[in-house]
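Structure at a glance
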Amino acid sequence: MQRLEILARQLTAGSATNDRTPLLASRDVYDSMHRKSVEDPEGFWGELALGYHWQNKFPARGHMSYNTDVGRGKIDVQFFCGGTTNIAYNCLDRWVAAGRGDDPCVLWEGNDENERRTVTYRQMLEDVCRLSNWLTSRGVKKGDSVTIYLPMVAELPAAMLACARIGAVHSVVFAGFSAEALAQRIVDCQGKVVLTASGVMRGAKAVPLKAIVDDAAKLAAKGGQPVTSVLCLEVPSALRAANTPWDASRDVWWGDAIPIQPPTCPPVWLEAEDRSFLLYTSGSTGKPKGVVHSVGGYMVGVGESCRYLYDMRPGDVVFTTADCGWITGHSYLAYGPLLCGCTVVILGGIPTHPDGGRCWRMVERYKVRQFYTAPTLLRSLLQLGDAWPRQSDLSSLRILASAGEPMNEHAWHWFHEMIGGSRCPVVDTWWQTETGNGMITPLPATWFQAKAGAAGVPFFGVLPVILDPATGKELPGNAPAEGVLALRGVWPAMARTLYGDHERWEQVYFAPYKGYYFTGDGARRDEDGHYWITGRVDDVINVSGHRIGTAEVESSLTEHADCAEAAVIGVDHALKGQAIYAFVTLRGVDHQNDAMRKTLMDHVRKSIGPFAVPDTIHWAPALPKTRSGKIMRRVLRKIASGQEKELGDVSTLAEPGVVEMLIKLRGK
Ligand code: ATP
Ligand code: MG
């Protein structure tokens, strides 16, 4: 059956088809495909991969190998060995060659709702080729890193694809990061070339991106990584070229350099296991991790997840609200939908600007079929009231998707009923930067009984297990259980390593529980085999969808000369999901005042970015610690939220008097 389906796909690849035969027509189809995907991953993925263009075909057998057991040597995963391909070719050329060059590839809207642009597949291919040629002219070759620090313009996915076309490894850095954070990422990936813009409008505020890049380049040079070329897109609404700081020996304007490049560029055929891109995670454990993805495995895994989880077909209009600076923007805004021949809607401004109806008007305007968002945005939209979605015709919607953090039940029901008219499945998928594609998920099928707030069931190739946190032993079979979420086996789109630090890749993900991929999250499995994510095993704060590692904010605070120690926790926030709450111990108590608070907040703004600034700084002459010296965050959370009567077991607290002192200082 699967083979026939692939044949049918190849035959219909050229046209936006009306065929909507469900891919997962029954529980049996899902069960048998899932079974095959874990029993014979090589055969299963080998067949699905035939739906993509391979310049050299990989052999039907012997293309896959893996070791995920640190006890047995190096962690290594390989799929489609012997095959060569190119993701950009599969995203663009394939559709143009099939006669779809005039179909819209990107529908873009700026911060100002009247600023609109349509880019067809043919134009996108030409733009990408010109950019690839420019990169090559600057000496960028296969395997070289390129940093992309762009706002959400159509040029951002074009820049990603231009790198992919010539085998350069892009590192997209979210354009809200500060110069220091950008510099750290440039140094880590050894990137000589930066693609950026003069500035960006965020709501009513202009942010001068090029000036940030200039500062980052200075810092990167000090850190041993000179930036030799900066390509800068003029965004006149934010900052005109004439007012943009400039270094003529290094910088070139996009508008000058790109249009004069030839509009064709042959793709570089890459080995399936070559690196495709790297992406830094938020770095809850300190130094950000440069997660490295493969070419072939990432392409097939992401493309197939788009088809099976979000029912994306050629011609579908997909609106993903994520920024390309995060993995959702890579897999479900840029690469995945284009691999499926869809039209991608991009919103280049704040989704609630100028008002709460913006996203819904866009759904109506472009007849969006798949709407992919994150719980934080849903919570803000919900708060703005039902009148906004009611003003727009949302009847084109078929699939509502979400990822990034747990969705509370209230938001789930609002999404399902108010936005989806109770007709669209809510596909709230659990996954990670490292997993590449969706992992545990509700299925977009009428027979599937989704549960509000649950992540759902495993996607193909995924074998979730619940481990007992105390013993590390697997809690048996499919019985209800709660503990640490780990994954057995391998799947094509999983990351292959951390940039320049394979040992850290092994230590963080494979050493904690031998033979398993450790997710860092906790989960509960219910009696129907659905998984519920219970949160992080360690600590991370999610502020309006930006994941911020507590360790990163703490190390920024303690960088300041007057700060002796800091402990950062997340507290519930009605709109942002979580807000940052910092306990700070100063060197000398006489500066415990608002001026000092401001100094520390400014310091975090500069070293990480505005989104990481604590909402509250609570003076703490000392912190509650265990006898072994570990800060007891559990206790801090209770103090911050005024629940000091429920401190729980404090028998390991080194100095119990500290708690009382902190309670007295709350709000001071
Ligand atoms: P770092 O690894 O540096 O701490 P991060 O984990 O915040 O960064 P991501 O890879 O973007 O970066 O986020 C993945 C995490 O997001 C998951 O491990 C999980 O905690 C959470 N998550 C993602 N999707 C869901 C979901 N549908 N439901 C609940 N939690 C989710
Ligand atoms: Mg993570």
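Description of the structure in this document. (Residues numbered from 1 in each chain as written. Chains lettered and ligands numbered in written order. Predicted model: local features only at pLDDT ≥ 70, side-chain atom pairs only at ≥ 80, totals over all residues. Heavy atoms only, no water.)

1. Points about the overall build of the protein chain
On a plain count of helices and strands, the protein chain comes out with 20 helices and 32 strands. Over its C-alpha atoms the protein chain spans a radius of gyration of 25 Å, differing by no more than 12% from the 26 Å that the globule rule assigns to 668 residues. Expressed along its principal axes, the backbone C-alpha trace of the protein chain runs to roughly 75 × 65 × 55 Å. Burial statistics for the protein chain: of 668 residues in total, 60% are counted as buried. Contacts spanning at least 24 positions in sequence make up 71% of the contacts within the protein chain whose residues lie at least 6 apart. As displayed, the protein chain has an accessible area near 25200 Å², and 52% of this comes from carbon and sulfur atoms. The protein chain carries 70 positive and 72 negative side-chain charges, and their two centres are separated by 1 Å. (Helix = DSSP H or I, 4+ residues; strand = E, 2+ residues; numbered from the N terminus. Rg over C-alpha atoms; globule rule 2.2 N^0.38 Å. Buried < 20%, exposed > 50% of the residue type's maximum accessible area, 1.4 Å probe, protein only. Contact = heavy atoms within 4.5 Å. Areas by Shrake-Rupley, 256 points an atom, 1.4 Å probe, with all protein chains shown as cover. Lys, Arg positive; Asp, Glu negative; His and termini not counted. Charge placed at Lys NZ, Arg CZ, Asp CG, Glu CD.)

2. Looking at the sheet that holds strand 14 (residues 275-280)
Hydrogen bonding along the main chain pairs the strands of a sheet, whether they run parallel or antiparallel. A sheet is described by the order of its strands in space; here eight strands give the open sequence 12-11-8-6-7-14-15-25, paired in mixed fashion. Each edge of the sheet is formed by a strand with only one pairing partner; in this case those strands are strand 12 (251-253) and strand 25 (497-498). Lying on the sheet, helix 8 (residues 209-222) is in contact with strand 6 (145-149), strand 8 (193-197), strand 11 (229-233) and strand 12; it crosses strand 8 at an angle near 155°. (Pairing = 2+ DSSP bridges. Axes fitted to C-alpha atoms, helices over the stretch in contact; angles between N-to-C directions.)

3. Structural notes on the side chain of Asn-90
Structurally, the position occupied by Asn-90 is in helix 4 (residues 87-100). Excluding residues that lie within four positions of it along the chain, Asn-90 makes contacts with Tyr-52, His-53, Thr-85, Trp-95, Met-299, Leu-338 and Leu-339.

4. What to know about the environment of Lys-289
Residue placement: Lys-289 occurs in the loop between strand 14 and strand 15 (290-294). For Lys-289, a relative accessible area of 8% translates into the label buried.

5. Some words on empty space enclosed by the protein
Evaluation of the coordinates by the stated rule reveals five cavities of 30 Å³ or more. Of the voids in this model, the largest cavity is the one considered here, and its volume is about 50 Å³. Around the largest cavity, the lining residues are Ile-87, Ala-164, Gly-167, Leu-270, Arg-275, Ser-276, Val-295 and Tyr-335. Looking at the lining of the largest cavity, its residues break down into five nonpolar, two polar and one charged. (1 Å grid on protein atoms, 1.4 Å probe; cavity = no way out; pocket = protein on both sides within 12 Å on 5 of 7 lines; lining within 4 Å. Points joined across faces, edges and corners; volume = space filled by probe spheres on them. Nonpolar A, V, L, I, M, F, W, Y, C, P; charged D, E, K, R; others polar.)

6. What about the pairing of strand 7 (residues 169-172)?
Each regular strand shows side chains that alternate between the opposite faces of the sheet. Side chains of strand 7 alternate between two faces, with Val-169 and Ser-171 and His-170 and Val-172 buried alike. Bridging between strand 6 and strand 7 involves four bridges; their strand directions are parallel. Paired with Val-146 across the two strands is His-170, which belongs to strand 7. With helix 6 (residues 155-166) bridging strand 6 and the parallel strand 7, this β-α-β connection has right-handed handedness. (Right-handed = clockwise from strand over helix to strand, strands pointing away.)

7. Some thoughts on the environment of Arg-72
Tracing the chain through its elements places Arg-72 in the loop between strand 1 (65-67) and strand 2 (76-78). For the pair Arg-72 and Gly-515, spaced 443 residues apart in sequence, the C-alpha to C-alpha distance is 9.3 Å.

8. Comments concerning the pattern of salt bridges
Scanning the model with the defined rule gives 39 salt bridges in all. For the salt bridge of Arg-365 with Glu-113, the shortest nitrogen-to-oxygen distance reads 3.0 Å. Of the two residues, Arg-365 sits in helix 12 (residues 358-366) while Glu-113 sits in the loop between strand 4 (104-109) and strand 5 (116-120), which places them 252 residues apart along the sequence. Judged by relative accessible area, Arg-365 falls into the partly exposed class, the value being 28%. Residue Glu-113 is classed as buried on the basis of its relative accessible area of 13%. Between Glu-155 and Arg-117 there is a salt bridge, with its nearest N and O atoms 3.2 Å apart. Highlighted residues: Glu-155 in helix 6 and Arg-117 in strand 5, separated in sequence by 38 residues. (Salt bridge = Lys/Arg side-chain N within 4 Å of Asp/Glu carboxyl O.)

9. Section: the sheet that holds strand 4
The seven strands lie next to each other as 5-4-17-16-18-19-20, forming an open sheet whose pairing is mixed. Each having just a single partner strand, strand 5 and strand 20 (426-428) make up the two edges of the open sheet. On average, each strand axis in the sheet is tilted by 20° relative to the strand beside it, whichever way the strands run. Relative to strand 17 (residues 343-347), strand 4 runs parallel, the two sharing four bridges. Within strand 17, the position partnered with Trp-108 by the bridge is Ile-346. Running over the sheet, helix 5 (residues 121-137) touches strand 4 and strand 5 and is turned about 85° from strand 5.

10. Details of the packing of aromatic side chains
Under the counting rule described, the total for this entry stands at 35 aromatic pairs. With 6.1 Å between their ring centres and 65° between their planes, Phe-177 and Trp-326 make a pair best called edge-to-face. Here the residue Phe-177 occupies a position in the loop between strand 7 and helix 7 (179-189), and Trp-326 occupies one in the loop between strand 16 (317-320) and helix 11 (327-339), the gap between them amounting to 149 residues. The residues Phe-177 and Trp-326 share a single accessibility class, namely buried. An angle of 25° between the planes, with centres 4.9 Å apart, marks the rings of Phe-459 and Phe-460 as stacked. Each member of the pair, Phe-459 as well as Phe-460, is classed as buried. Ring pairing ties together the aromatic residues Phe-44, Trp-45, Tyr-308, Phe-459 and Phe-460, which thus form one cluster. (Phe/Tyr/Trp six-rings, centres within 6.5 Å; stacked < 30°, edge-to-face > 60°.)

11. Considering the nonpolar core
Residues Leu-135, Ile-148, Leu-195, Leu-557 and Val-584 are the most contacted members of the largest nonpolar core, which totals 171 residues. In terms of residues, this core owes the most to one element, helix 6, which gives nine residues. Contacts of Leu-557, omitting those with residues within four sequence positions, involve Cys-563, Ala-566, Val-568, Ala-582, Val-584, Leu-600 and Val-604. The next biggest cluster of nonpolar side chains, apart from the first, holds 28 residues, and it includes Leu-347, Leu-377, Leu-381 and Phe-415. (Core = buried A, V, L, I, M, F, W, Y, C linked by side-chain atoms within 4.5 Å.)

12. Some words on helix 13 (residues 375-383)
Extensive coverage of helix 13 is indicated by the burial of eight of its nine residues. Where helix 13 is buried, its residues meet helix 12, strand 18 (370-373), strand 19 (399-402), helix 15 (409-419) and strand 31 (577-586). Just downstream of helix 13, Gly-385 is the residue with a positive phi angle, here 105°.

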